[in-house]
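Secondary and tertiary structure notes
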Amino acid sequence: MDERAYFERLDSTASDPSELFEHFEQRSVGEYTAHVLPSARHGVERGTVILDSADAIVRGYPSIPRVLALDAGVTSFFDSGATVFAEEKLDGFNVRVVDVGDDGPLAFTRGGYICPYTTARVRELLDLGEFFEEYPGKMLCAELIGPETPYTTHDYEEVDSHAIRVFDVRDRESAAPIAVPERRDLCARYDFPQSRLFGRYDRSEATEAVWSAIEELDAEGREGVVMKTADSDSMVKYTTESKHHDELADAFSLPFDLGRDFVFSRITREAFQAAEFDESDERLRERAHDLGESILLPAVDTIRKIESGGTVGERHRVRGGNDEIDALLDHLRDLSLTVEVEEDYRENGQRVVEFLKVAESTTDRTTYYLEGGTY
Ligand code: ATP
């Protein structure tokens, strides 16, 4: 691989190619040999992939900062004359869809893997042929959502199994985004389902509008909002109480698999939101009660399950073609996950598989403490 040529194309802040490329890992990604950046470095996003045989760079999706204090955050993050676009932040997993060669569109996960199952899903859910004919250098950034995906399980009333929502269209090589209004028009033209747009607001009215969107989303158990400048160059996120509690419940159902930072950051989000918006003592106590339940109940449930000989982990259900599900299970095992298939049957001409990603640390450590081990 000609590192110098790719270095120039990546427009990194590193002073020379080796400073950047020492962080890349070489992997087999499907049929390709890929050079993948596992964490953001020198101005290049996590999950950036170089497919040398296709002479292609696929930039990672940038990290989106979060504000904890909504009003102060909006004021400091956006310029005084800025228009703020508020879009729904969906709770699924990030997919980048690109077309780099003769194999048809490919779906990359955040970490820079080509997921065979997700690739099949995006080909089925989006009419990609004409789009990539017209825009071969673009990448669609989308969220795969719904109760039946291999990575997340959040329920949406409007989604029975799985669905895709496009929230960004970027240049595959430079990561430059298309401005929000143009992107929304473009997606509408190709019939790509999109994340909901709450509206465009002057900075001075954004806090009130976003808080009202957050209250509505919270009541429906949905995740939150991403605020964006019109050019989509700057983005910031803010999430609902129900999302924080769901994440805490997930973390405490597998208490020794998700780190302490994960838990602390969710509680901190709650504390800032409560300080800003919980006007009555009663409301604050109600939140404290719900927060406590989301921590204690799943943890006790897990301890009891392990005590009675059960296995714990993340449970997923997927449906699709025979080969793509086999490829998915191989892919997950290649990532060193312990996958236990619990159900495997056919329904309406499709294969349906329910599987558990076993949480090894939680199982081992809980067993150890239950047998009297000291902490
Ligand atoms: P980070 O963004 O800091 O890497 P993270 O990986 O924990 O954090 P999230 O907190 O889930 O990610 O937030 C960012 C993700 O939100 C994006 O990567 C994208 O997949 C998802 N997302 C969902 N809806 C939208 C939207 N409307 N606009 C932008 N991103 C969205």
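Conventions used here
Here the residue numbers are simple positions, counted from 1 along each chain's written sequence. Given that the model is predicted, a residue must reach a pLDDT of at least 70 before its local features are reported, and side-chain atom pairs must reach 80 or more before they are shown or counted; all residues, however, enter totals for whole chains, interfaces and linings. With hydrogens and water excluded, all non-hydrogen atoms of the structure serve as input to the side-chain values. A pair of strands counts as paired when DSSP detects no fewer than two bridges linking them. Helix and strand assignments follow DSSP, with helices taken as H or I runs no shorter than four residues and strands as E runs no shorter than two, numbered in order from the N terminus. Simply put, an axis is a line fit to the C-alpha atoms, just over the touching stretch for a helix, and the angle between two N-to-C directions goes from 0 to 180 degrees. Put simply, buried Ala, Val, Leu, Ile, Met, Phe, Trp, Tyr and Cys residues joined by side-chain atoms within 4.5 Å make one nonpolar core. We call a residue buried when its accessible area falls under 20% of the maximum for its residue type, exposed when it is over 50%, and partly exposed in between, using a 1.4 Å probe and counting protein chains only. Whether two residues touch is decided by their heavy atoms; if any such pair falls within 4.5 Å, the residues are in contact. Regarding the arc, it is the one traced by the directions from the helix axis to the C-beta atoms. Throughout, near means a residue has at least one heavy atom within 4 Å of the molecule or strand. Counted as a polar contact is a pair of N or O atoms within 3.5 Å, where, for protein atoms, one must be capable of donating a hydrogen and the other of accepting one, and residues adjacent in sequence contribute only when both atoms are in side chains. Note that accessible areas follow from Shrake-Rupley with a 1.4 Å probe, and for residues the cover is restricted to the protein chains shown. Aromatic rings from Phe, Tyr and Trp, with only the six-membered ring used for Trp, were paired whenever their centres fell within 6.5 Å, and each pair was classed as stacked if the ring planes differed by under 30 degrees, edge-to-face if by over 60, and tilted otherwise. Throughout this description, the term charge over a ring refers to an Arg CZ or Lys NZ atom that lies within 6 Å of the ring centre and within 35 degrees of the ring normal. Salt bridge, as used here, is a side-chain nitrogen of Lys or Arg placed within 4 Å of a carboxyl oxygen of Asp or Glu. An automatic or database domain assignment is the source of the domain bounds shown.

**A word on the sheet that holds strand 6 (residues 93-98)**
If you walk across this open sheet you meet the 4 strands as 7-6-8-9, and the pairing is antiparallel. Looking at strand neighbours, the two that pair on one side only are strand 7 (106-108) and strand 9 (163-171), the edges of this open sheet. Across this sheet, the average inter-strand angle for adjacent strands is 30°, counted without regard to direction. By the bridge criterion, 3 bridges tie strand 6 to strand 7 in an arrangement that is antiparallel. Across the sheet, the residue bridging to Val-98 is Leu-106, located in strand 7.

**Description of the nonpolar core**
Core analysis: the biggest nonpolar cluster contains 21 residues, and Leu-70, Phe-78, Phe-198, Val-210, Val-225, Met-227 and Tyr-238 have the highest contact counts within it. Ranked by residues supplied to this core, first place goes to helix 7 (residues 203-219) with 7 residues. Beyond its immediate stretch of four places on either side in the chain, Phe-198 contacts Ala-86, Glu-87, Glu-88, Ala-213, Glu-216, Leu-217 and Val-225.

**Concerning helix 3 (residues 70-77)**
Count 3.6 residues to each turn of an α-helix, and residues three or four apart come out pointing the same way. Turning to helix 3, its buried residues number three or more, namely Leu-70, Gly-73 and Val-74. In an axial view of helix 3, the angular spread of the buried residues amounts to 100°, which keeps them on one side of the axis.

**A look at the site of the ligand**
In the region of the ligand, 16 residues are neighbours, and Ser-63, Ile-64, Arg-110, Glu-143 and Lys-237 sit closest. One nitrogen or oxygen atom from the side chain of Glu-143 is found 2.5 Å from an oxygen atom belonging to the ligand. In isolation the ligand offers 610 Å² of accessible surface; the protein chains occlude 80% of this area. If you list the elements that add at least two residues to the shell around the ligand, you get strand 5 (83-89) and strand 11 (224-229). With 3 residues, the single largest contributor to the shell around the ligand is strand 5.

**What to know about the packing of aromatic side chains**
All chains considered together, the criterion is met by 14 aromatic pairs. Seen from their ring centres, Phe-256 and Tyr-369 are 5.7 Å apart, and the 50° between their planes marks the pair as tilted. Separated by 113 residues along the polypeptide, Phe-256 in the loop between helix 8 (241-253) and helix 9 (260-277) and Tyr-369 in helix 12 (residues 360-370) bring together distant segments of the chain. Through a chain of ring-to-ring contacts, the aromatic side chains of Phe-131, Phe-132, Tyr-135, Tyr-190 and Phe-192 assemble into a single cluster. The ring centre of Tyr-113 lies 3.9 Å from the NZ or CZ of Arg-27, which sits over that ring. Lying across the ring of Tyr-117, Arg-121 places its NZ or CZ 4.7 Å from the centre.

**Remarks on the pattern of salt bridges**
Inspection of the entire model under this criterion finds 32 salt bridges. Salt-bridge contacts for Glu-247 lead to Arg-269; the nearest nitrogen and oxygen are separated by 3.7 Å. Taken as a pair, Glu-247 in helix 8 and Arg-269 in helix 9 lie far apart in primary sequence, 22 residues in all. The two residues Glu-247 and Arg-269 agree in class, both being buried. Through salt bridges with shared partners, a single ionic network connects Asp-91, Lys-243, Glu-247, Arg-266 and Arg-269.

**Some points on the domain arrangement of the protein chain**
Each assigned domain of the protein chain is listed here: domain 1 (1-58), domain 2 (70-88 + 198-239), domain 3 (242-307) and domain 4 (313-370). Once you take the C-alpha centre of each, domain 2 and domain 4 turn out to be 37 Å apart.

**Here's the deal with the side chain of Thr-149**
Looking at the element boundaries, Thr-149 is found in the loop between strand 8 (138-145) and strand 9. A polar contact is formed between the side chain of Thr-149 and the backbone oxygen of Thr-152, at a distance of 2.7 Å. Every residue in contact with Thr-149, bar those within four places of it in the chain, is listed here: Phe-93, Leu-144, His-162, His-316, Arg-317 and Val-318.

**A closer look at the environment of Arg-172**
As for its position among the elements, Arg-172 is in the loop between strand 9 and helix 6 (180-189). The exposure class assigned to Arg-172 is buried, which follows from its relative accessible area of 13%. Between the alpha carbons of Arg-172 and Met-139 there is a distance of 5.1 Å; along the sequence they are 33 residues apart. Excluding residues that lie within four positions of it along the chain, Arg-172 makes contacts with Ala-56, Ile-57, Val-58, Arg-59, Val-98, Asp-99, Val-100, Pro-136, Gly-137, Lys-138 and Met-139.

**Overview of unusual backbone geometry**
Among all residues except glycine, the phi angle is most often negative; among peptide bonds, the trans geometry is most common. With a phi close to 45°, His-42 is a non-glycine residue in the positive phi region. Even without glycine at this site, Asp-191 takes up a positive phi of about 60°. Take Asp-191: it is sitting in the loop between helix 6 and strand 10 (197-202).

**Let's talk about the pairing of strand 8**
With 8 of its 8 residues buried, strand 8 lies for the most part within the structure. By the alternation rule, side chains of strand 8 split into Lys-138, Leu-140, Ala-142 and Leu-144 and Met-139, Cys-141, Glu-143 and Ile-145, which are all buried. Bridge count between strand 6 and strand 8: 5 bridges; the pairing is antiparallel. Counted as the bridge partner of Phe-93 is Leu-144 from strand 8. Note that strand 8 and strand 9 share 8 bridges and pair antiparallel. Looking across to strand 9, one finds that Leu-144 is bridged to Ile-164.

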